[in-house]
Amino acid sequence: MAESRSRSKSGEIQNHVGGRWKAPTGESGQDVVNPATGERLAYTQFSSVADVDEAVTEGRKAFEEWRSTPVVERIQPMFELKGLLEENLEELTEFLVRDHGKTRTEARGELRRGIENVEVACGIPTMLQSGSLLNAAPGIDESAVRKPLGVFAAITPFNFPGMIPLWFLPYAVATGNCFVLKPSEKVPLVASRLVELIGETSLPDGVVQLVNGGPETVTALLEHEGIAGISFVGSTPVARHVYETAAKNGKRVQAQGGAKNYLIVTETADIQFAAEQTLSSCFACGGERCLATDIAVVEESVYDEFAEELLAQARQLTVGYGLEDGVDIGALIAPDHVDAVREFIATGISEGAELLLDGRGLSVEGYEEGNFLGPTVFGDVGPETVLAQEEIFGPVLGLMPAADIDEAIEFLNGTRFGNAASLFTGSGADARTFRHQADIGNLGINVGTAAPMAFFHFGGRKNSFFGDLHAQGEDMIHFYTDKSIYIERWPDA
Ligand code: NAD
């Protein structure tokens, strides 16, 4: 991979602080490895408490001038960033595939979703406005204004390294805050390239900093008194820890956790279409999506027909290196992650589910070092099993029969997560029941993956979300600003 300012000659990923690239000074680190080829791409040196402190200090210095910069000027770098991301889309796509393992189409789609957030943030002069009222009392006018709060940080996961930083960064900056990004130590390359591109815009130095690292770096961010708020996306145990620790340290916090997503197929659904959508919902990105469906709950009257259709389609999927044409499922992030997914498959067998398609024997020619696993499908999964209740984060789908939609919704609502669910149906009445009764943040109807576009917030409930204001859209404006009230009277002289 070509050398760049964001990596040292030996491949060490650099931090970006106060407009300068510099090496993190933490004591440990880890290799960044292409999950499909096993090739070492770079090295993430972790940031120390001092590195985090320097990043926050630079942000606080930049904040005074940045928050006073007119909002129309603050959004110009976002227009520039949108152009740069479009121009460099194919290069970023390739970075993402090498770093993460997903396919080229998936990587491109992810970046598109990220760019959408930059586009939305360009409209912040309108979104930032608050209410005002003339003659609220005799001779008194009142108005509310939104003010930025200082330096915010985002801690992001490995599975969408191109999109998730952009759920936060554009909104933080356009609302007048400064920002520290701590990407996943497993996949730091796309974030580095993103920050390089930001360096080509007119954004002043110090408004955006990049600090690389792992849990210790996160702790330093959570405890730093100069940080006003934390956005987190990752697994449930860490999300809960981040939520509690950031709150204890007096910060605003939004923490998105792990998920287990379900899909219901009723007897009035278009079965072939539902199977097609289920397939992509489960197996896209190798199942490493917080919106991936792991369980399809199917009405008994169409269960066999649906299973047959789904298996016929699943057998056609090609697993391989995401940069090659014709690949449907890329590599999983790391060997220990493959082991964890294999363990789930073994558990499914021991729990008595019927293994209808086994992806464990797969080897990809030419990429024997890759972290590959083929699509795996279980039938007759019981509602109280590990397979039905725990997040797998791999290409494993379970089918569960249900008597009717009420039984299916009751099962969904009894689970620990509440990120996304979809319903496939031809019945408006079923759709209405689902919308009203499913206790889930993102609901799809005849849509396999209920991923909201950037102008809507990204829902999530129960163990999938800790906080109140979500990522993306208008919620971000509320998270990144506080409202002041102006009450004015101007008596005649
Ligand atoms: P992770 O929790 O291991 O890591 C996420 C971030 O937390 C990383 O930046 C990592 O450095 C940091 N971290 C890890 N362990 C930590 C610790 N003990 N203390 C402090 N910080 C720590 O998650 P991951 O494996 O990178 O990502 C996959 C998970 O993220 C899945 O559970 C997935 O469902 C979830 N996810 C959720 C959403 C959502 O919107 N709800 C979106 C994407 C991913």
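Rules used throughout
Residues numbered from 1 in each chain as written. Predicted model: local features only at pLDDT ≥ 70, side-chain atom pairs only at ≥ 80, totals over all residues. Heavy atoms only, no water. Pairing = 2+ DSSP bridges. Helix = DSSP H or I, 4+ residues; strand = E, 2+ residues; numbered from the N terminus. Axes fitted to C-alpha atoms, helices over the stretch in contact; angles between N-to-C directions. Near = heavy atom within 4 Å. Polar contact = N/O pair within 3.5 Å; in protein donor to acceptor, adjacent residues only side chain to side chain. Areas by Shrake-Rupley, 256 points an atom, 1.4 Å probe, with all protein chains shown as cover. Nonpolar A, V, L, I, M, F, W, Y, C, P; charged D, E, K, R; others polar. UniProt positions renumbered as here; feature names shortened; annotations may be inferred. Patch = residues over 30% accessible without salt bridge, like charges linked within 9 Å, V, L, I, M, F, W, Y side chains within 5 Å. Salt bridge = Lys/Arg side-chain N within 4 Å of Asp/Glu carboxyl O. Contact = heavy atoms within 4.5 Å. Buried < 20%, exposed > 50% of the residue type's maximum accessible area, 1.4 Å probe, protein only. pLDDT = per-residue confidence, 0-100. Phe/Tyr/Trp six-rings, centres within 6.5 Å; stacked < 30°, edge-to-face > 60°. Lys NZ or Arg CZ within 6 Å of the ring centre and 35° of its normal. Parallel < 35°, antiparallel > 145°, perpendicular 65-115°, else oblique. Left-handed = near helix turned anticlockwise from the far one by under 90°. Disulfide = S-S within 2.5 Å. Lys, Arg positive; Asp, Glu negative; His and termini not counted. Charge placed at Lys NZ, Arg CZ, Asp CG, Glu CD.

Within a sheet, each strand pairs with its neighbour through backbone hydrogen bonds, oriented either parallel or antiparallel. Strand order in the open sheet made by the three strands is E5-E6-E22, with antiparallel pairing throughout. Each having just a single partner strand, strand E5 (132–137) and strand E22 (481–489) make up the two edges of the open sheet. Averaged over neighbouring strand pairs, the angle between their axes works out to 30° when direction is ignored. When E5 meets strand E6 (residues 140–148), the two strands line up antiparallel, connected through three bridges. Within the sheet, the bridge partner assigned to Leu-133 lies in E6 and is Glu-142.

This part is about the site of the ligand. As a structural note, the neighbourhood of the ligand is formed by 29 residues, with Lys-182, Glu-185, Ser-235, Gln-256 and Glu-391 the closest of them. Here an oxygen atom of the ligand and a backbone polar atom of Thr-156 are 2.8 Å apart. Measuring from an oxygen atom of the ligand, one finds a side-chain N or O atom of Gln-256 at 2.7 Å. Within the complex, the protein chains bury 87% of what would otherwise be the 850 Å² of accessible surface of the ligand. Class assignment for the residues of the shell around the ligand results in 14 nonpolar, 11 polar and four charged.

The feature "domain: Aldehyde dehydrogenase" (unreviewed entry), as given by UniProt, occupies residues 21–482 in the numbering adopted here. Along residues 21–482 one finds 41% helix and 21% strand; the C-alpha atoms at either end are 32 Å apart.

Here the focus is a nonpolar patch on the surface. Nonpolar side chains collect at one region of the surface, where Met-453, Phe-455 and Phe-456 lie side by side and expose about 330 Å² of accessible area between them. Residue position: Phe-456 is located in the loop between strand E19 (442–445) and strand E20 (461–462).

If you trace the seven strands from one edge of the open sheet to the other, you get E14-E15-E16-E13-E12-E18-E19, paired in mixed fashion. One side of each edge strand has no neighbouring strand; the edge strands of this open sheet are strand E14 (354–357) and E19. In this sheet, adjacent strand axes meet at a mean angle of 20° when their direction is disregarded. Here strand E13 (residues 293–299) pairs with strand E16 (residues 396–402) via five bridges, running parallel. Among the inter-strand pairings, Ala-296 is bridged to a residue of E16, identified as Leu-399. Lying on the sheet, helix H11 (residues 271–283) is in contact with strand E12 (261–265), E13, strand E15 (376–379), E16 and strand E18 (420–424); it crosses E16 at an angle near 140°.

Residues of helix H9 (residues 215–223) that are buried: Thr-217, Val-218, Ala-220, Leu-221 and Leu-222. Looking at the buried side of H9, the elements it contacts are helix H1 (49–68), strand E7 (151–155), strand E8 (178–182), strand E10 (227–233) and helix H10 (236–248).

Turning next to the pattern of salt bridges. When the charged atoms of two side chains lie near each other, side chains of opposite charge can form a pair. What the rule picks out here adds up to 20 salt bridges. Across the pair Glu-94 and Arg-104 runs a salt bridge whose closest N-O atoms are separated by 3.9 Å. Here Glu-94 is found in helix H4 (residues 89–100), whereas its partner Arg-104 is found in helix H5 (residues 104–121), with 10 residues between them in sequence. When its relative accessible area of 28% is taken as the criterion, Glu-94 is described as partly exposed.

Residues with a pLDDT of 70 or more make up 99% of the chain, whose mean pLDDT is 97. On the interface metric, ipTM, the complex scores 0.99, and its pTM is 0.97.

Assignment of secondary structure puts His-337 in helix H13 (residues 335–350). Filtering out sequence-adjacent residues up to four positions away, His-337 remains in contact with Glu-288, Leu-332, Ile-392 and Phe-393.

This part is about the environment of Gly-374. Within the element layout of this structure, Gly-374 appears in the loop between E14 and E15. Between the alpha carbons of Gly-374 and Gly-394 there is a distance of 9.5 Å; along the sequence they are 20 residues apart.

Now for the packing of aromatic side chains. What the rule picks out here adds up to 11 aromatic pairs. Ring geometry for Tyr-243 against Phe-466: centres 6.1 Å apart, planes inclined by 35°, an arrangement best described as tilted. Of the two residues, Tyr-243 is situated in helix H10 and Phe-466 in strand E21 (residues 465–466); the sequence distance between them amounts to 223 residues. What makes Phe-466 buried here is its relative accessible area of 12%. One aromatic cluster is present, built from ring pairs that chain together Phe-152, Phe-479 and Tyr-480. The aromatic ring of Phe-160 is capped on one face by Lys-102, whose charged end is 3.9 Å from the ring centroid.

Running from N to C, helix H7 (residues 165–174) and helix H17 (residues 473–480) cross one another at 55°; their axes reach a closest spacing of 10 Å. Regarding the angle of H7 to H17, the classification is oblique. As H7 packs across H17, the resulting crossing turns out to be right-handed. Only Gly-473, Met-476 and Tyr-480 of H17 make contact with H7, whose side of the interface consists of Trp-167, Phe-168, Tyr-171 and Ala-172. Across the contact of H7 with H17, the residue classes tally to six nonpolar, one polar and no charged.

Tallied over the full model, the rule gives zero disulfides. In this structure Cys-282 is not part of a disulfide, and its nearest cysteine sulfur, from Cys-285, lies 12 Å away. Residue Cys-282 is classed as buried on the basis of its relative accessible area, which comes to 1%. Counting only cysteine sulfurs, Cys-290 is the nearest neighbor of Cys-285, a cysteine outside any disulfide, at a range of 10 Å. Residue class for Cys-285 comes out buried when judged on its relative accessible area of 7%.

Next up on the list: the side chain of Glu-299. Take Glu-299: it is sitting in strand E13. Buried within the structure, Glu-299 lacks any salt-bridge partner; Arg-435 is the closest side chain of opposite charge, at an N-O distance of 16 Å. Discounting residues that sit within four places of it in the chain, Glu-299 has contacts with Val-265, Thr-266, Glu-267, Ala-402, Ala-403, Asp-404 and Ile-405.

Now for a negative patch on the surface. A cluster of acidic side chains, namely Glu-300, Asp-404, Asp-406, Glu-407 and Glu-410, defines a negative patch on the protein surface. In terms of residue count, helix H15 (residues 405–413) provides more of the negative patch than any other element does, three residues in total. As for its position among the elements, Asp-406 is in helix H15. For Asp-406, a relative accessible area of 46% gives the class partly exposed.

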